[in-house]
Amino acid sequence: MGADGEDKTVGFRLGKYKGGSCAVVGPAETTHVSAEAKRVVAAFQKFIRTTEYSTYSPETYDGHWKQLTVRTSRTKQAMAMIYFNPQKLAEEELDALKNSLKKFFTEGEGADSGVTSLYFVREGQRTAPKPEDSPCELVDGESSIQEELLGLKFRISPQSFFQVNTAGAEVLYSKVGEWAQLDQDSTVLDVCCGTGTIGLSLAKRVKKVIGIEMCKEAVEDAKHNAKLNGLTNVEFHCGKAEDLFPKILNALVSPNVTAIVDPPRAGLHSKVVLAIRRAEHLKRLVYVSCNAKAAMANFIDLCRAPSNRVRGAPFRPVRCMAVDLFPQTVHMEMVLLLERLDYSSQNAADKQEEAVAKAQ
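This section reports on the structure supplied with the text.

Thresholds applied
- Residues numbered from 1 in each chain as written.
- Predicted model: local features only at pLDDT ≥ 70, side-chain atom pairs only at ≥ 80, totals over all residues.
- Heavy atoms only, no water.
- Helix = DSSP H or I, 4+ residues; strand = E, 2+ residues; numbered from the N terminus.
- Buried < 20%, exposed > 50% of the residue type's maximum accessible area, 1.4 Å probe, protein only.
- Polar contact = N/O pair within 3.5 Å; in protein donor to acceptor, adjacent residues only side chain to side chain.
- Contact = heavy atoms within 4.5 Å.
- Axes fitted to C-alpha atoms, helices over the stretch in contact; angles between N-to-C directions.
- Parallel < 35°, antiparallel > 145°, perpendicular 65-115°, else oblique.
- Left-handed = near helix turned anticlockwise from the far one by under 90°.
- Nonpolar A, V, L, I, M, F, W, Y, C, P; charged D, E, K, R; others polar.
- 1 Å grid on protein atoms, 1.4 Å probe; cavity = no way out; pocket = protein on both sides within 12 Å on 5 of 7 lines; lining within 4 Å.
- Points joined across faces, edges and corners; volume = space filled by probe spheres on them.
- Expected span 1.5 Å × (residues − 1).
- Arc of directions from axis to C-beta.
- Pairing = 2+ DSSP bridges.

Attention now moves to the side chain of Ser113. Among the structural elements, Ser113 can be located in the loop between α2 (91-106) and β5 (117-122). Look at Ser113 and you get buried, because its relative accessible area is 2%. Here Gly110 takes part through its backbone oxygen, which lies 2.7 Å from a polar atom of the side chain of Ser113. Once residues lying within four places of it in the same chain are set aside, the contact partners of Ser113 are Glu36, Arg39, Val40, Ala43 and Phe105.

If you want it as structure tokens, here you go:
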């Protein structure tokens, strides 16, 4: 329900359901949503208002239409992912709906909306599954979209992570590359690498890039993107960072290793943080955080004094910067440069200071 009382409104929620409101308002008046995305939203709203199916209610769990995700790129491509709760509809009804959806966006009023990749996602009852677990069906168009960033081309599949603001991401990744202080002998570990954006943007400056990512689709995109850009000194591994990172780090013999981590909101798994601490040959770490408050436990563990749990010399925060990737919102990305302390010499210096103080 729209805030204006119009049913089947496609837009942003005004508040949280637990706060008492499920009302949404269309994006037409917003300054930070692209004209391309607004065009897709307007077309989709027209379509669902012609159908007999109601919008999904988080209160009663009834209804069907749940969410629309729009991804647009500088290459003038647009991906629309339509989330639909099938409830008890028969397969024939769902097939008819998908056919009418395809017809609307290829021959009907949605034909000039700019959608080049149209997906239908079934999302079931009373569940909030991981997006990658939801059956994602290509209804029409290309299976992915392409984006250009820092002179490189990137293929983006439906479930692959890619920063929402490409121009802002260029500022962010340029700063990451500058602070990492890389050279031709450097090995870069790109943890939670998504489609490989950070590692691939640095590949030409370094000896080797090793990316780690949990989403299978994103790893396939990353490998494709390396080939697409003619980069051969990169490799990508699929799995949980806490499982892969310690093994990869321990196998590295290069003395010149820099890690760049760009984890989800919750931050890095503690196993990854402990592996970073133990790997004394890893002297520099660039941490990209989209939620510094949630990542605070990581920062503390990286910098705390050694203990039975946290082994290895600590890091210290050297530089920090906020990058406004999400204008008109309270959110931002934070870049934090951490460097390893030479803990043994630091301890010796502290003891010497104590001895001098006592002598005085």
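The next thing to look at is the packing of helix α7 (residues 270-278) against helix α8 (residues 296-303). The relative placement of two packed helices is expressed as an angle between their axes plus a distance between the axes. Direction vectors running N to C along α7 and α8 enclose 25°, while the axes themselves pass 9 Å from each other. One way to sum up the angle between α7 and α8 is to call them roughly parallel. Here the hand of the crossing between α7 and α8 comes out right-handed. Counted together, Val273, Ile276 and Arg277 of α7 and Asn298, Asp301, Leu302 and Cys303 of α8 form the full contact between these two elements. Of the residues in the contact of α7 with α8, the class split is four nonpolar, one polar and two charged.

By volume, the second largest pocket amounts to about 170 Å³. Along the wall of the second largest pocket there are 15 residues; nearest its centre are Thr9, Val10, Gly26, Pro27 and Gln45. Secondary structure elements with two or more residues in the lining of the second largest pocket: β2 (24-25) and α1 (35-50). Residue composition of the lining of the second largest pocket, by class: eight nonpolar, four polar and three charged.

Taking 1.5 Å as the rise per residue, α2 with 16 residues should run 22 Å; its terminal C-alpha atoms sit 22 Å apart, in good agreement. Listed as buried for α2 are Leu94, Leu97, Lys98, Leu101, Phe104 and Phe105. Buried residues of α2, seen end-on, are gathered within an arc of 125° and therefore sit on one face of the element. Turned more than 90 degrees from where α2 packs its buried face, Glu92, Asn99 and Lys103 sit exposed.

A separate point is the sheet that holds β5. Overall, mixed pairing links the four strands, which are arranged β3-β4-β5-β6 in an open sheet. Of all strands in the sheet, those bounded by a partner on one side alone are β3 (65-72) and β6 (136-141). Shown here is a sheet whose adjacent strand axes are inclined to one another by a mean of 20°, direction ignored. Along the sheet, α1 contacts β3 and β4 (78-84); its crossing angle with β3, the most-contacted strand, is approximately 155°.

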